[in-house]
Amino acid sequence: MTDHISFAVERSKQGIQIKNALLWEIKRFYNHEFFIGKEALSIIKKRLGIELPEDEAGFITLHIVSALMDSSTVGETAEMTKVIQNILNIVKYHFNVEFDEYSLHYERFLTHLKFFVQRVFSGVEIDDDDKNFLLVLKKQYKNEYKCALKIRDYINKEYGYDLTEDEMVYITVHIKRVTTK
């Protein structure tokens, strides 16, 4: 991160700005870490007299999030952010809904997606062999399970990762919660 900040300061002195294509998603998905990134910009301005654009707070946020995830690189974190957005879009369009981004269910869903995507990228699976619960969910939450199948297909097609039945259970339950008013 220190190298990034040093290069950002040098770019600023040369009048070069880099746009952060994921800034909107970063603000939404990592709002606490983004606040820290904004604070870093304030410290840089105060100490160096250089005002960096908000895009840099987003890049700083990706460094923070990467550091919080043991083996993740900034590039992987950016890719994970795209995957989270794509999954949210799958759910959004499947149910034709707009999310209440301030609701507890949305926050929980987002948290689950962050851990889920981290497991996908690290190849870690969860599986506790409770097949009965999945059978109940398939019957009781048919539409939510169909949406989870779309997510499974997307993850498999793009990343070659097969979701366990337990992952399907967790995704289905969270989809039910986030889509129920």
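Basis of the calculations
Residues numbered from 1 in each chain as written. Predicted model: local features only at pLDDT ≥ 70, side-chain atom pairs only at ≥ 80, totals over all residues. Heavy atoms only, no water. Phe/Tyr/Trp six-rings, centres within 6.5 Å; stacked < 30°, edge-to-face > 60°. Helix = DSSP H or I, 4+ residues; strand = E, 2+ residues; numbered from the N terminus. Buried < 20%, exposed > 50% of the residue type's maximum accessible area, 1.4 Å probe, protein only. Expected span 1.5 Å × (residues − 1). Core = buried A, V, L, I, M, F, W, Y, C linked by side-chain atoms within 4.5 Å. Contact = heavy atoms within 4.5 Å. pLDDT = per-residue confidence, 0-100.

The description of an aromatic ring pair uses the distance of the two centres, along with the angle that the planes make with each other. By the definition in use, this model includes three aromatic pairs. Taking the centre distance of 5.3 Å and the plane angle of 45° together, the rings of Phe-121 and Tyr-159 count as tilted. In this pair, Phe-121 sits in helix H6 (residues 104–122) while Tyr-159 sits in helix H8 (residues 142–159), placing the two residues 38 residues apart along the sequence. Relative accessible area serves as the criterion here: at 26%, Phe-121 is assigned to the partly exposed category. Aromatic pair Tyr-154 and Tyr-159: ring centres 6.4 Å apart, planes at 85°, arrangement edge-to-face. Take Tyr-154: its relative accessible area is 14%, and that puts it in the buried class.

Turning our eyes to something else, we now look at H8. Each α-helix turn comprises 3.6 residues. Residues three or four places apart therefore point the same way. Taking 1.5 Å of rise per residue, the 18 residues of H8 would be expected to cover 26 Å, and the 25 Å separating its terminal C-alpha atoms lies within 8% of that figure. Those residues of H8 that fall on the buried side of the exposure criterion are Glu-144, Tyr-145, Cys-147, Ala-148, Ile-151, Tyr-154 and Ile-155. Just downstream of H8, Gly-160 is the residue with a positive phi angle, here 65°.

Right, let's get into the nonpolar core. Among the nonpolar cores identified, the biggest contains 37 residues, and Ile-87, Leu-88, Val-91, Phe-116, Ile-155 and Ile-175 are the most heavily contacted of them. Tallying contributions element by element places helix H5 (residues 74–95) first for this core, with eight residues. Contact partners of Val-91, with chain neighbours within four places excluded, come to Phe-99, Phe-109, Cys-147, Ile-151, Ile-175, Val-178 and Thr-179. Membership of the second largest hydrophobic core comes to 16 residues, among which are Phe-34, Leu-41, Ile-64 and Ala-78.

Turning our eyes to something else, we now look at the confidence of the model for the protein chain. Averaged over every residue, the pLDDT of the protein chain is 88; residues scoring 70 or more account for 94%. Mean pLDDT values over the elements of the protein chain span from 78, in helix H7 (residues 131–140), up to 95, in H8.

So, on to the environment of Glu-76. You can see Glu-76 is positioned in helix H5. Take Glu-76: its relative accessible area is 29%, and that puts it in the partly exposed class. Along the primary structure Glu-76 and Arg-108 are separated by 32 residues, whereas in three dimensions their C-alpha atoms are 22 Å apart.

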